[in-house]
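# Observations on the model geometry
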Amino acid sequence: MTVQRTLSIIKPDAVKKNSVGQIISRFETAGLKVVAVKKVYLTRETAGEFYAEHKERPFFGELVDFMTSGACYPMVLEGDNAILKNRELMGATNPNKAEAGTIRHDFALPCTDLSANAVHGSDSEESAAREIAFFFASADLL
């Protein structure tokens, strides 16, 4: 097993539903340790910068609008194969297609806006490193 760190964000829709504690509990129950967490309100500039890789995609504007619609909780999760484990816990990007028992199935339904899918998670070690550094200084991760 490889101990990794990954970034997860509890998105504004899940925050508005008061699901933050339940989602964090899912991570911890699955063996992931919360190394750092904070509450943030993204601006259009910071949301655009974070999701810059999607800038040319048709959903970019809606994603930025959604991510600036309320508070979110970025966090660093650590554990064996944390990136894959987090992605399995999250479920399919489209909550309507996510398996029962996954975070997106349990906390993002009914879903009419795919941006409102409860959580974000890094998809690779490279993305995790970049995304963690976006929200947290190295001193925050001791």
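Given the structure is predicted, the values throughout are model-derived calculations rather than measurements. Within every chain, residues take consecutive numbers counted from 1 along the sequence as written. Local features are withheld for residues below a pLDDT of 70 in this predicted model, meaning they are given only at 70 or higher, and side-chain atom pairs are given and counted only at 80 or more; totals for whole chains, interfaces and linings count all residues. Note that the side-chain values use all heavy atoms of the structure and ignore hydrogens as well as water.

### Side note on the environment of I132
In this fold, I132 is placed in helix α7 (residues 125–135). Separated by 60 residues in the primary sequence, I132 and C72 have C-alpha atoms spaced 15 Å apart. The contact definition used throughout considers only heavy atoms, calling two residues in contact when any of these lie within 4.5 Å. With near-sequence residues (within four places) excluded, I132 lies in contact with R5, T6, L7, V76 and L141. Under the scheme used here, helices are H or I runs from DSSP no shorter than 4 residues and strands are E runs no shorter than 2 residues, and both carry numbers assigned from the N terminus.

### Describing the sheet that holds strand β2 (residues 33–37)
Note: two strands are recorded as paired if DSSP finds a minimum of 2 bridges between them. As summarised here, the arrangement of the four strands in space is β2-β3-β1-β4, forming an open sheet in which the pairing is antiparallel. Edge strands, defined here as strands with exactly one partner in the open sheet, are β2 and β4 (119–121). Averaged over neighbouring strand pairs, the angle between their axes works out to 30° when direction is ignored. In this structure, β2 lies alongside strand β3 (residues 73–80), joined through four bridges in antiparallel fashion. Residue pairing in the sheet places A36 in a bridge with V76 of β3. Where α7 meets the sheet, it contacts β1 (3–10), β3 and β4, and its direction lies at approximately 55° from that of β1. Fitted lines through C-alpha atoms give the axes, limited to the stretch in contact for helices. The angle between two N-to-C directions lies from 0 to 180 degrees.

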